[in-house]
Amino acid sequence: MQASGYPAAAALGQASAPVQVSVILPVHDAELWLDECLGSVLQQDFEGSMELSIFNDASKDKSMTIIEKWKEKLEGSGILVVIGGHDSPSPRGVGYSKNQAIAQSSGSYLCFLDSDDVMMPQRVRLQHAAAVRHPTSIIGCQVRREPPNSTERYTRWINQLAPDQLLTQVFTSNGPTVIMPTWFCSRAWFSHVGPFDEGGRGVPEDLLFFHEHLRKGGGLVRVDQSLLLYRYHPGAATHSVLETTIWTHRVRFLEEWALPHWATFTIWNAGRQGRRLYRSLTAGSRCKVVAFCDVDENKIKKGFYCYENSQERPKPRVPVLHFRAAQPPFVICVKLDLTGGAFEDNLRSLNLQEGRDFLHFS
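Cut-offs used in this document
- Residues numbered from 1 in each chain as written.
- Predicted model: local features only at pLDDT ≥ 70, side-chain atom pairs only at ≥ 80, totals over all residues.
- Heavy atoms only, no water.
- Buried < 20%, exposed > 50% of the residue type's maximum accessible area, 1.4 Å probe, protein only.
- Helix = DSSP H or I, 4+ residues; strand = E, 2+ residues; numbered from the N terminus.
- Pairing = 2+ DSSP bridges.
- Right-handed = clockwise from strand over helix to strand, strands pointing away.
- Salt bridge = Lys/Arg side-chain N within 4 Å of Asp/Glu carboxyl O.
- Axes fitted to C-alpha atoms, helices over the stretch in contact; angles between N-to-C directions.
- Parallel < 35°, antiparallel > 145°, perpendicular 65-115°, else oblique.
- Contact = heavy atoms within 4.5 Å.
- Nonpolar A, V, L, I, M, F, W, Y, C, P; charged D, E, K, R; others polar.
- Core = buried A, V, L, I, M, F, W, Y, C linked by side-chain atoms within 4.5 Å.

Looking at this model, I keep getting lost on the pairing of strand β2 (residues 50-57). Mind explaining?
It is a general feature of regular strands that their side chains alternate between the two faces of the sheet. Of all 8 residues making up β2, 8 are buried, and the element is well covered by its neighbours. Side-chain alternation along β2 places M50, L52, I54 and N56 on one buried face and E51, S53, F55 and D57 on a second face that is also buried. By the bridge criterion, 7 bridges tie strand β1 (residues 21-27) to β2 in an arrangement that is parallel. Counted as the bridge partner of V21 is M50 from β2. In this region the chain leaves β1, passes through helix α2 (residues 34-42) and returns to the parallel neighbour β2; the handedness of that crossover is right-handed. With 7 bridges joining them, β2 and strand β3 (residues 80-86) adopt parallel strand pairing. Residue pairing across strands places N56 opposite G85, the latter belonging to β3. Crossover handedness for the path β2 to helix α3 (residues 63-76) to β3: right-handed.

Looking at this structure, how should I read the pattern of salt bridges?
For the structure shown, the criterion picks out 16 salt bridges. In this structure, K71 engages E75 in a salt bridge whose closest nitrogen and oxygen atoms are separated by 3.1 Å. On the criterion of helical spacing, the pair formed by K71 and E75 is a turn pair, its members being 4 residues apart in helix α3. Given the relative accessible area of 19%, K71 is considered buried. Exposure remark for E75: the relative accessible area of 33% places this residue in the partly exposed category. The salt bridge partner of D296 is K299, with a shortest N-O separation of 3.1 Å. For K299, a relative accessible area of 24% gives the class partly exposed. Overlapping salt bridges, with partners in common, bring together E212, R215, K216 and E256 in one network.

Can you help me understand the packing of helix α9 (residues 205-215) against helix α10 (residues 243-257) in this one?
The description of two packed helices rests on the angle between their axes and on the distance between the axes. Two elements in contact, α9 and α10, have axes separated by 11 Å at closest approach and are oriented at 5 degrees. On the basis of their axis angle, the class for α9 and α10 is roughly parallel. Side by side, α9 and α10 meet where L207, L208, H211, L214 and R215 of the first sit next to I246, H249, F253, E256 and W257 of the second. Of the residues that constitute the contact of α9 with α10, the class distribution is 6 nonpolar, 2 polar and 2 charged.

Mind showing me how you'd approach the nonpolar core here?
Grouped together as the largest cluster of nonpolar side chains are 89 residues, with contacts concentrated most on F112 and L277. In terms of residues, this core owes the most to one element, strand β8 (residues 219-231), which gives 6 residues. Beyond its immediate chain neighbours, meaning those up to four positions away, F112 contacts I24, I102, R123, M180, P181, W183, C185, F190 and F196. The next biggest cluster of nonpolar side chains, apart from the first, holds 11 residues, and it includes C293, F343, L347 and F358.

How should I be thinking about the pairing of strand β12 (residues 317-322) in this particular structure?
Two strands pair when backbone bridges link them, and strand β10 (residues 289-294) and β12 are joined in this way by 3 bridges, in the parallel orientation. Bridging across to β12, D294 finds its partner in H322. Inspection of the sheet shows strand β11 (residues 304-306) paired to β12 by 3 bridges, in the antiparallel sense. If you follow Y305 over to β12, its bridge partner there is V318.

Honestly, helix α6 (residues 152-160) in this entry has me stumped. Any pointers?
Three or four residues apart is the spacing at which side chains of an α-helix point the same way, because the helix has 3.6 residues per turn. Considered for burial, the residues of α6 that qualify are Y154, T155, W157, I158 and N159. Those residues of α6 that are buried are in contact with β6 (137-146) and β8.

Here it is in structure tokens:
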């Protein structure tokens, strides 16, 4: 819905020639970063036609003043700018804003950009080329984190996953293996999968879309160049989503997408996270758990884990084994990159194939 004070975005979007790429930019109180962000749109070296579709989600700061200033510069260099938004008392959320920005845009491809991030000049060109080759994939890229030392483990994970791990590590607490601020895809594929959930604050709209993308057979491709400055700060929308909410979605997707392929499995970690996963599973999935495994002798000496809150009688008693005595496949609940390489060495020693013999749920 367009609010008073905003021109009809559809009218602004009339272009004489088809637009190849629409940069999708939701904005809410982004005055601190918008100059850098919009400047990076202007600096793109893509030679095709490009538009910038901005949806202002009830910003109360000077975001619109900055946008209007940049509109003239961008359009002067041949980048059409489409602006929509509303000035309600409160924002309607990232999912709603992205959907509105997409609806008012016209490009055959969508390049998602967060208002606090900065694109490298070659981003649109390189991701567009990849998207043309992979029309049913989400295209991502490597990132540079700002500040540089924030979320070091997460940044390594984003940038160093092998191509097959983009699909096998979709269950971890890190979320989508191709991260949302780097997404680029065809409009046709987005329309097939989407739209984004519009539940607002506290809803992981990127994770939900990512899961639906995978359900529909979508692929994942990462351009192995750093094409985005990915900013970390306390006000980022991602911090509004509760860990328990994300956990619930992750468990359900694991049960839907992976566990049906296994008759039985072992949970690697007899500690808190492994037991939490076990308790979170449906009764049908819990029945498939044949053991926990660990390296902690104290846990192994106990011999079993008893699920005290189970309604079953007798209550389930699941064996706890040394990892070398356990049988794959494994659902691994051990955090990666935290044990100085000890866990990774143990896993490699078993000569297992990721995806077939184990999955990470850490």
